[in-house]
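Chain by chain, the residues:
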Amino acid sequence: TRSFMPDMGDRYTVNCYRGCIHACTYCFARRYHEFLGYGAGTDFETKIVAKINAPEILRKDLKKTREKFPFLEFSFATDPYLPLEANYELTRKCLIVCRDFRMPVGIITKSELVTRDLEVLTRMKATVFFSIPFPTTKKSKPFELYTPTPDVRFRAMKTLSEAGIKVGIGIAPVILGYNDSDI
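Rules behind the numbers
- Residues numbered from 1 in each chain as written.
- Predicted model: local features only at pLDDT ≥ 70, side-chain atom pairs only at ≥ 80, totals over all residues.
- Heavy atoms only, no water.
- Helix = DSSP H or I, 4+ residues; strand = E, 2+ residues; numbered from the N terminus.
- Expected span 1.5 Å × (residues − 1).
- Buried < 20%, exposed > 50% of the residue type's maximum accessible area, 1.4 Å probe, protein only.
- Arc of directions from axis to C-beta.
- Contact = heavy atoms within 4.5 Å.

Considerations on helix H6 (residues 150–162)
Phase 1: Its 13 residues give H6 an end-to-end C-alpha distance of 18 Å, which sits within 8% of 18 Å, the value for a rise of 1.5 Å per residue.
Phase 2: All of the buried residues in H6 are Pro-150, Val-152, Arg-153, Ala-156, Met-157 and Leu-160. Taken around the axis of H6, the buried residues stretch over an arc of 160 degrees, which confines them to a single face. What points out from H6, more than 90 degrees from its buried face, is the exposed set Lys-158 and Glu-162.
Phase 3: Where the residues of H6 are buried, they touch helix H4 (118–121), strand S7 (126–131), helix H5 (137–140) and strand S8 (166–170).
Phase 4: Positive phi appears at Gly-164, one or two residues downstream of H6, with a value of about 90 degrees.

What to know about helix H1 (residues 54–65)
Phase 1: Its 12 residues give H1 an end-to-end C-alpha distance of 16 Å, which sits within 8% of 16 Å, the value for a rise of 1.5 Å per residue.
Phase 2: Looking only at H1, the buried set comprises Ala-54, Pro-55, Leu-58, Leu-62 and Thr-65. One side of H1 holds all its buried residues, which, seen down the axis, span an arc of 120 degrees. When the buried face of H1 is taken as reference, the exposed residues oriented beyond 90 degrees from it are Glu-56, Lys-60, Lys-63 and Lys-64.

Structural data, given as structure tokens:
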């Protein structure tokens, strides 16, 4: 998907799933579920759509237009490593396509499942950002209902870093008076 951000210009994202089981109360992507006829607040975390042909579409698009994409982001509107990914492996298959095309990728996740793809990620230009806006489980629970705990995310980040993969932390939202002092 092509999107435009005023500060960054054109961005290209791969979203293998729509909806997100994490159920983060602050998620901006909930409204996109309404385009499918689902409720943003009632269905976002319970009606997940798997785009099972995503790897084939990505391969086809990269064959046609590879030079137009400086890099791809996984994923803008949902976590690319939802629990469904353990069975479908759509993100993994798309990463293999990117590896085959030598396409640099950035991944944004809250899941330790990303470590499953360690072997693929070490053979390509990949940067993995972990979304960790709250440093403790106690602080994250009111806002991140079904996400892996912050300590699990920190351990996954360490595993990737030790394997030589570039990692970073995404901190959003910043809630004044709640987590701003933790940053």
